[in-house]
Amino acid sequence: MDGFVIGVDRGRYTCVRQDAGPDAPLVTAMRARELGRKSVVVGDRVGLVGDVSGADGALARIVRIAERRSVLRRTADDDETTAEGRLERVVVANADQLVIVSALADPPPRTGFVDRCLVAAYDADIEPLLCLTKADLAGPEQILDYYTELELPYVLIRPDSDLAALRALLAGRVSVLVGHSGVGKSTLVNRLVPDADRAVGVVSAIGRGRHTSTSAVVLRLPVASGADGDPGWIVDTPGIRSFGLAHVSADSLLHGFPDLVEGTVECPPNCPHTADETDCALDAWVAAGRADDRRLGSYRRLLASRAGEADPRSGEPPEAGDPPSGG
């Protein structure tokens, strides 16, 4: 039977049949020994054998992992020479969209974190979507101006929003939600999936009742009244606070800043694009008004962080977190 992994907890995998309806039982499975060292992660499409009834105490086996369309990864650090930088984690497989949840106020937008998420999304070959919450407290002009060259899709969320626009962007897709504490991600998840707390509890029950808060969980979106088709799935990631990017090469890092890519055409061969490289053409590109200098600053901070150094122009220490907006 073909299954879809929606939860992982200490060697047990919660799956649903790919053709199952919303009321179908959840299948608990273990990884078959013949898979060797192949890991099974949330979002994997798998082949199941054994007891797939979903009855209490039933246990199936995962015997096949389908080829992954996309893999969203992160590390705890940017520097691959550190232990944290070498520890690469797969957040989710087969995602179509990364929904970056950022508040417009309380707390203010953190463009450093958003930039990291964009790099991770482009590296995983999944589409980014900027979800701006608390739109009743502040306008989106500042952050939209920062990303104006990217034509980044976005949606505004207020406490009284009906979420129709967001649901339309999630329909038919597997979307991963990431966001810092306090931006309203959990509230948003509970509004999108009213029984989300219950669903997570059911998934975590396979681990003897202890919820593993650092594990991603896939939640089926309910069918909206009068709507047709697949409403989609969302992946809640309560354990993610930042994206370390040690797994992303320096060349690939630039593709997280598509507004800067064309500016490197005039750079000398093997240009590191760092702030102390006098022949780097990016400074002239920004000076000519073709990109925002804050974007260049963010890119160079990430380069410096990868090298375990501070950007000499910023005076800030390297970190795997995020500088404040405009910092």
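See the structure above.
Residues numbered from 1 in each chain as written. Predicted model: local features only at pLDDT ≥ 70, side-chain atom pairs only at ≥ 80, totals over all residues. Heavy atoms only, no water.

A. Inspection of the pairing of strand β13 (residues 233-236) at higher detail. Both faces of β13 are covered, namely the face carrying W233 and V235 and the face carrying I234 and D236. Where strand β11 (residues 174-178) lies against β13, 4 bridges are found, and the strand directions are parallel. By the bridge assignment for β13, V176 is matched with V235. With 4 bridges connecting them, strand β12 (residues 217-220) and β13 associate as antiparallel partners. Opposite V218, over in β13, you have V235 as the bridge partner. (Buried < 20%, exposed > 50% of the residue type's maximum accessible area, 1.4 Å probe, protein only. Helix = DSSP H or I, 4+ residues; strand = E, 2+ residues; numbered from the N terminus. Pairing = 2+ DSSP bridges.)

B. The packing of aromatic side chains, seen in detail. In this structure the tally under the stated criterion is 3 aromatic pairs. Aromatic pair Y146 and Y147: ring centres 4.6 Å apart, planes at 85°, arrangement edge-to-face. The exposure class assigned to Y146 is buried, which follows from its relative accessible area of 4%. You can call Y147 buried: its relative accessible area is 3%. The ring of F4 carries R45 above its face, with NZ or CZ at 4.1 Å from the centroid. (Phe/Tyr/Trp six-rings, centres within 6.5 Å; stacked < 30°, edge-to-face > 60°. Lys NZ or Arg CZ within 6 Å of the ring centre and 35° of its normal.)

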